[in-house]
Amino acid sequence: MTHDLANPTEAHAMLREMVRAWVEEHLEPQALEHDRAERFNLDLMRSLGDLGLLGITADEDHGGAGLDAVAACIVHEELSASDPGFALAYLAHSMLFVNNLSVNGNEAQRERILPKVCSGEWIGAMAMSEPDAGTDVLGLGTTAVQNDDGSWVLNGRKMWITNGTLDEDGTPADVVWVYARTGTDDRGRVQLSTFLVEAGMPGYSVGQKIMDKTGMRASNTAELVFEDCLVPAENLVGDVCGSLVHMMGNLELERLTLAAMSLGIARRALVEMNRYAGEREAFGRPIRDFGQIQRHVGESWAKYRAMRAYIYDTAASLAIGDAGQRLDSDGVKLFASTAAKEIADAAMQVMGGYGYVGEYVVERLWRDAKLLEIGGGTVESHQKNITRDLIAMADAIRR
Ligand SMILES: Cc1cc2nc3c(=O)[nH]c(=O)nc-3n(C[C@H](O)[C@H](O)[C@H](O)COP(=O)(O)OP(=O)(O)OC[C@H]3O[C@@H](n4cnc5c(N)ncnc54)[C@H](O)[C@@H]3O)c2cc1C
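*Asks:* Would you mind showing me how to read the pattern of salt bridges here?
*Replies:* Opposite charge on two side chains makes pairing possible when the charged atoms of those side chains draw close. This structure, assessed with the given rule, holds 29 salt bridges. With a shortest N-O distance of 3.2 Å, Arg217 and Glu38 are connected by a salt bridge. On the criterion of sequence distance, the pair formed by Arg217 in the loop between strand E6 (204–209) and strand E7 (221–231) and Glu38 in the loop between helix H1 (10–37) and helix H2 (42–47) is long-range, its members being 179 residues apart. As far as the burial class goes, Arg217 and Glu38 line up, both buried.

Shown next, in the form of structure tokens:
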């Protein structure tokens, strides 16, 4: 049997088959409707808890599946091949919240919260971005000040938070992983700490559900408000002013799985393009006989195969919880996000007018693909990081 990077073990292949069957039965039938209505399918998300997917990488002692980065990529690829918006909500919950807590929370936090988020009883989110600070993370303005009794008071606003609201009525996420400023070091650099903010804590609310997004409309995006929000001492994650390292570590898995989402989009666009090119006739021949159509199909195939190899190769060596793999987690996202956008665009072009309407799927993929060049780090930030890392890691080029 030849080695398959994307299904390196039988367990990985079985996981893929299981998710693919679930997607066909449950996700695909609702995808177009939820995109159109800009509605998040909360019940369907919760049901993934029964399959063990909400805590895919989380520790098994607390309800997780304890699987690796390859498994995480498989799930994101499969969900995204049908409904990238839903996949993004899944990523925000299972990677940005659940994995983060599993790796960086203390035992008491993990014991209390992981079973709830792994089962789907609670839905989580991660709040880093703000109205005035995105790429420039250290420019964030939300503050946390400690009271004499050890509790914390948070003030500020977070922007673009996936799962920040669970519905149209402003019901907040059950639990949010929030980064806030807690000081500066002796060289004047901003220091960040992490807090677990839970629904019902005074001063935590949804500012607005952000409507009219270009794509990813089946996921909810919200502005969150923290107004003298009182957070108990035990909800601080890690050390005071110690967040930067765990933030960077989780970003690596985030970028890898966002790249896997791009792969799902690319694969589906290619399936649709390939089928259509054989079925559609013009001038008495299938359009796949035309050289310009062949260029779209051929280049899309090669890009798809290249992204698949780079993503699963990176996943195979990404040890969850260890930082230091940014060169390739930025690399896969940089390459895959733009490749997916280009492949979705090629698919739409091949499909002509039909490609431009919702029923034929690719217009939704085309809109959703664009987000992956922005969210979880813009392509410009990946270019910057890679160039910076290659100063210290020039050997990586010749390995
Ligand atoms: C649908 C959606 C969901 C999201 N979900 C979440 C979430 O769950 N949690 C969360 O915390 N955030 C989330 N985000 C926010 C996302 O991560 C940010 O939008 C992204 O990091 C970019 O930040 P920004 O929008 O503030 O743009 P800016 O950082 O203001 O960037 C604007 C432009 O300037 C460029 N730029 C900035 N700095 C540099 C530089 N040094 N060199 C070159 N170019 C530069 C950028 O590349 C970009 O082109 C989401 C965003 C969207 C749209």
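*Asks:* In this structure, what is going on with the packing of aromatic side chains? I would like to understand it.
*Replies:* The geometry of an aromatic ring pair is captured by two quantities: the separation of the ring centres and the angle between the planes. For the coordinates displayed, the defined rule picks out seven aromatic pairs. Pairing Tyr276 with Tyr354 gives two aromatic rings, centres 6.2 Å apart and planes at 45°, and the pair type is tilted. One end of the pair, Tyr276, is in helix H6 (residues 243–279); the other, Tyr354, is in helix H8 (residues 326–355), and 78 residues separate them in sequence. You can call Tyr354 partly exposed: its relative accessible area is 38%. An aromatic cluster is built from Tyr276, Tyr354 and Tyr360, whose rings are joined through pairwise contacts. Directly above the ring of Trp122 sits Lys116, whose terminal nitrogen or CZ lies 5.0 Å from the centroid.

*Asks:* Please explain the site of the ligand as it appears in this structure.
*Replies:* Around the ligand, the surrounding shell holds 18 residues, and the nearest of these are Ser129, Thr135, Trp160, Thr162 and Thr378. One nitrogen or oxygen atom from the side chain of Ser129 is found 2.7 Å from a nitrogen atom belonging to the ligand. Contact between the ligand and Glu380: an oxygen atom at 2.8 Å from a side-chain N or O atom of the residue. Bound to the protein, the ligand loses 64% of the 980 Å² it would expose on its own. Of all the elements in the fold, those that place two or more residues in the shell around the ligand are strand E1 (124–127), strand E3 (152–162) and helix H10 (379–392). In terms of residue count, E3 provides more of the shell around the ligand than any other element does, three residues in total.

*Asks:* Honestly, the pairing of strand E2 (residues 143–146) in this entry has me stumped. Any pointers?
*Replies:* Sheet topology note: the E2/E3 ladder contains four bridges and is antiparallel. If you follow Ala144 over to E3, its bridge partner there is Leu154.

*Asks:* Could you clarify how one ought to interpret the environment of Ala65 in this entry?
*Replies:* Here Ala65 is to be found in the loop between H2 and helix H3 (69–80). In this structure Ala65 comes out as partly exposed when scored by relative accessible area, which is 22%. With near-sequence residues (within four places) excluded, Ala65 lies in contact with Gly52, Gly55, Ile56, Ala58 and Glu60.

*Asks:* Quick question: what am I supposed to make of the state of the cysteines here?
*Replies:* In the structure shown here, the tally under the stated rule is zero disulfides. Among the cysteines around Cys73, which has no disulfide bond, Cys118 carries the closest sulfur, lying 18 Å off. Classification of Cys73 as buried rests on a relative accessible area of 0%. Owing to a relative accessible area of 4%, Cys118 belongs among the buried residues under this scheme.

*Asks:* Would you mind showing me how to read the side chain of Thr162 here?
*Replies:* Relative to the helices and strands, Thr162 resides in strand E3. For Thr162, a relative accessible area of 16% translates into the label buried. Setting aside chain neighbours within four positions, we find Thr162 in contact with Leu88, Ala89, Ala92, Ala125, Ser219, Asn220 and Thr221.

*Asks:* Would you mind going over the environment of Arg267 with me for this structure?
*Replies:* Among the structural elements, Arg267 can be located in helix H6. On the basis of relative accessibility, which here comes to 16%, the residue Arg267 falls in the buried class. Sequence separation between Arg267 and Glu359 is 92 residues, and the spatial gap between their C-alpha atoms is 18 Å. Arg267 has contacts with Arg16, Arg20, Glu77, Glu78, Ala81 and Tyr304, leaving out every residue within four places of it along the chain.

*Asks:* Is there a simple way to think about the pairing of E3 in this case?
*Replies:* For a regular strand, the rule is simple: side chains alternate between the two faces of the sheet. Here E2 folds back onto E3 in antiparallel fashion, the turn holding five residues, of which Gly150 has a positive phi close to 95°. Where E3 lies against E7, eight bridges are found, and the strand directions are antiparallel. Among the inter-strand pairings, Trp152 is bridged to a residue of E7, identified as Val231.

What counts and how
Residues numbered from 1 in each chain as written. Predicted model: local features only at pLDDT ≥ 70, side-chain atom pairs only at ≥ 80, totals over all residues. Heavy atoms only, no water. Salt bridge = Lys/Arg side-chain N within 4 Å of Asp/Glu carboxyl O. Helix = DSSP H or I, 4+ residues; strand = E, 2+ residues; numbered from the N terminus. Buried < 20%, exposed > 50% of the residue type's maximum accessible area, 1.4 Å probe, protein only. Phe/Tyr/Trp six-rings, centres within 6.5 Å; stacked < 30°, edge-to-face > 60°. Lys NZ or Arg CZ within 6 Å of the ring centre and 35° of its normal. Near = heavy atom within 4 Å. Polar contact = N/O pair within 3.5 Å; in protein donor to acceptor, adjacent residues only side chain to side chain. Areas by Shrake-Rupley, 256 points an atom, 1.4 Å probe, with all protein chains shown as cover. Pairing = 2+ DSSP bridges. Contact = heavy atoms within 4.5 Å. Disulfide = S-S within 2.5 Å.

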